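Okay, here's what each chain looks like letter by letter:
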Amino acid sequence: MVVKEEEMVLVTPGEVLGKATEVKAGKGAYVAKHNGLVYASLTGLLRTLSPPPDSPDQRATVEVTGHKAHGPVPEPGSVVIARVTKVMTRMASADIMCVGAKSVREKFSGIIRQQDVRATEIDKVDMHLSFRPGDIVRASVVSFML
């Protein structure tokens, strides 16, 4: 793969990097399923990598190379470990402590929605019976908001 040096720019989380039909998401980037756009998931330099000439998929790969001072950043599909901080009727708030096997350096908060607790009988989920402040949960990130 070849890096196109003229396209290296600083990007921030949530910044649109292109359309999924035109570019592939690499490290530090993800595709939003609802609109097919590729977004940055961390602050860093945008790199565009050309595909190998013999590759059947000729889309360039975009990736964001973060600073070494930054720890891991949650992105859709990431498995996280979080501590429940507040329980409400329809949701629970949680502070993310780990993304995958790595602990986070920055503070990330998450919401566990009532409809995401289990697959069936969603309306019967009682958040106060399911979670208490201080509980440690393992969860998959569904979406990322700024």
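Residues numbered from 1 in each chain as written. Predicted model: local features only at pLDDT ≥ 70, side-chain atom pairs only at ≥ 80, totals over all residues. Heavy atoms only, no water.

- Labelled according to an unreviewed UniProt entry, the protein chain appears under the name Exosome complex component CSL4 C-terminal domain-containing protein, originating from Citrus clementina.
- If you open the UniProt record of the protein chain and go to Subcellular location (unreviewed entry), you find "Nucleus, Nucleolus". (UniProt positions renumbered as here; feature names shortened; annotations may be inferred.)

### Focus: the UniProt feature "domain: Exosome complex component CSL4 C-terminal" (unreviewed entry) in the protein chain
Link 1 in the chain: Taking the numbering used here, the UniProt-annotated feature "domain: Exosome complex component CSL4 C-terminal" (unreviewed entry) corresponds to residues 102–143.
Link 2 in the chain: In the segment residues 102–143, helix accounts for 10% and strand for 40%; the C-alpha atoms at its two ends are 20 Å apart. (Helix = DSSP H or I, 4+ residues; strand = E, 2+ residues; numbered from the N terminus.)

### Quick notes on the domain arrangement of the protein chain
Link 1 in the chain: Each assigned domain of the protein chain is listed with its residue range as follows: domain 1 (8–64) and domain 2 (76–139).
Link 2 in the chain: The gap between the C-alpha centroids of domain 1 and domain 2 is 28 Å. (Domains from an automatic or database assignment.)

### So, the nonpolar core
Link 1 in the chain: Of all hydrophobic cores here, the largest spans 33 residues; its most connected members are L17, V38, A92 and F131.
Link 2 in the chain: Residue assignment for this core shows that the elements contributing at least two residues are strand 4 (29–31), strand 5 (37–40), strand 7 (60–66), strand 8 (79–87), strand 9 (91–99) and strand 10 (102–113).
Link 3 in the chain: Looking at which domains feed residues into this core, each of domain 1 (8–64) and domain 2 (76–139) supplies at least three.
Link 4 in the chain: Setting aside residues up to four positions removed in sequence, A92 forms contacts with V84, K86, V87, G110, I111, I112, M127 and F131. (Core = buried A, V, L, I, M, F, W, Y, C linked by side-chain atoms within 4.5 Å. Buried < 20%, exposed > 50% of the residue type's maximum accessible area, 1.4 Å probe, protein only. Contact = heavy atoms within 4.5 Å.)

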